[in-house]
Every structure is written in structure tokens, then in C-alpha cells.
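One letter stands for each residue in the lines below.
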Amino acid sequence: MIPFRLIPARAMPLVFFAIAILVSVSLVSLNRVVDKSNQGEVLLNSIRALAYKISAAEWKLISEKTVDEQSEQNLNKTYVEITKTLATAIALDPQNSDLLSASAALGEYLKWLNEEIRLIKSGDVDEAVRLDNEEVDPAFERLDEFLTSAQTIFSQRAERIRLATNIGLIVFILTAGTLIATLWSNNQQSWAKTIQANIEQ
């Protein structure tokens, strides 16, 4: 009689299939995290570019000592774009404290920038320059610092997961190979013993 614990040779493909499924599921899950981190990096690049675009426009207004309607409309459009893009980045990683701090810093920066524009429009350029030095520029620096830090987190996370995935995949393949070889060896030995027992009977 064949022992219940005996694994028939025809069942071995199922073992291979089960291991392949486990590997695939693990890789898909890890790749999703990497994809999110990559998206976060791209978004942070866009946000920083928009922030510098706003800063350049602000300096142009100060140097020209006037605010025309077109410039103000362009700034408002950029405000909306940077706010939406930052919200998208936060949605990818709601627990990222640097992103949350960047959101607060962006609000502060735009608040002081709007006040600076109001002063320029009213003709009080000297006060606008003072505000720029004391409030606007420091707010921009804080914003850029948080954005840079958040971007670094996305980048490092993706790199760590890629490394862990590669190491884990190698270990898993080696383990699976050892397991399969062991199962196959045990299976052959069990079959041999069973056949020998039947012959002796």
C-alpha cells in the first residue's frame, strides 16, 4: 500500500506552480510600492519646478515695480497647479511628514507672496521688498527644504525596496530550489521503498 504522505511525481508541477504564484504576488506588491515612490519623485520634481517658476515671476514683478493683469493670471494658474500637484503627492504617501510640512509651508509662502503683490499693486514697492526679504524668501526656503527632504524619502524608499526585492528574490529562489530538490528526492526514495516492499511481498 502506498503511504498517504507519498507525493506522486505528477503532483510536483503543482508545487512549482504554487511557488511561482507566491513569488509573483510578492513581486507585484513590492513593485507597486516602487511605482508609487517613482511617481512621488516625479511629482516632487514638478512641484519644485513650479515653486521656482513662482519665485522667478515674483522677482520679475519686484524689478518691474508693477503687476499687470496677465502676470497675475499666470501666477494664479501656477498657484492652482502647484497646489493640486502637491495634493496628489500627499495622496501617494499621507504619512510623509515632510510632505505635510511642505503643504503648510506652501500655504504660508503663497500667503506672504499675495501680500507682497498687493503692496506692489498699491505702489508701496519698498514695503514689498522688505516683506520679500523678511517673509517671502524665508518661506520659500522652508518650502524648498521640505520638498527636497520629501523627494529624498521617495528616492531612498524606492532604492531600499529594489535592493530588498533583489535579495529576497534570490533567497526565495534558492530556498524554493532546495525545497523542490528535497521533495523530489524524498518522493523518489519513497517510491523506491514502496516498490521494493511490494516486490518483497
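Before reading further, recall that the structure is shown in the block above.
Residues numbered from 1 in each chain as written. Predicted model: local features only at pLDDT ≥ 70, side-chain atom pairs only at ≥ 80, totals over all residues. Heavy atoms only, no water.

K.L.:
When you look at the environment of Trp-59 in this model, what are you seeing that I'm missing?
P.N.:
With respect to the helices and strands, Trp-59 occurs in helix H1 (residues 12-64). Judged by its relative accessible area of 44%, Trp-59 is partly exposed. A C-alpha to C-alpha distance of 9.7 Å links Trp-59 and Val-129, two positions 70 residues apart in sequence. Setting aside residues up to four positions removed in sequence, Trp-59 forms contacts with Asp-132 and Asp-137. (Helix = DSSP H or I, 4+ residues; strand = E, 2+ residues; numbered from the N terminus. Buried < 20%, exposed > 50% of the residue type's maximum accessible area, 1.4 Å probe, protein only. Contact = heavy atoms within 4.5 Å.)

K.L.:
Mind showing me how you'd approach the packing of aromatic side chains here?
P.N.:
In this description, a pair of aromatic rings is defined by centroid distance and the angle of the planes. In the structure shown here, the tally under the stated rule is two aromatic pairs. Measuring from ring centre to ring centre gives 5.1 Å for Tyr-52 and Phe-140, while their planes differ by 85°; the resulting arrangement is edge-to-face. Of the two residues, Tyr-52 is situated in helix H1 and Phe-140 in helix H4 (residues 125-200); the sequence distance between them amounts to 88 residues. Under the relative-accessibility criterion, Tyr-52 is labelled partly exposed at 41%. By relative accessible area, which is 11% here, Phe-140 ends up buried. Each residue in the set Tyr-52, Tyr-109 and Phe-140 is aromatic and connected to the rest through ring pairs, giving one cluster. (Phe/Tyr/Trp six-rings, centres within 6.5 Å; stacked < 30°, edge-to-face > 60°.)

K.L.:
What am I meant to see in helix H3 (residues 97-121) here?
P.N.:
Working note: α-helix, 3.6 residues per turn, so residues spaced by three or four point in the same direction. For H3, spanning 25 residues, the distance from its first C-alpha to its last is 36 Å, which sits close to the expected 36 Å at 1.5 Å a residue. Its side-chain oxygen placed 3.0 Å from the backbone nitrogen of Asp-98, Asn-96 serves as the N-cap of H3. Two residues or fewer past H3, Gly-123 is found with a positive phi of approximately 95°. (Expected span 1.5 Å × (residues − 1). Polar contact = N/O pair within 3.5 Å; in protein donor to acceptor, adjacent residues only side chain to side chain.)

K.L.:
Looking at this model, I keep getting lost on the pattern of salt bridges. Mind explaining?
P.N.:
When charged atoms on two side chains of opposite charge get close, those side chains can pair. Applying the stated criterion across every chain, the model contains seven salt bridges. Two residues, Glu-64 and Lys-60, come together in a salt bridge whose shortest N-O distance is 2.8 Å. One end of the pair is Glu-64 and the other is Lys-60, both in helix H1 and four residues apart, which spans about a single turn. Looking at Glu-64, the relative accessible area reads 37%, which means it is partly exposed. In this structure Lys-60 comes out as partly exposed when scored by relative accessible area, which is 43%. (Salt bridge = Lys/Arg side-chain N within 4 Å of Asp/Glu carboxyl O.)

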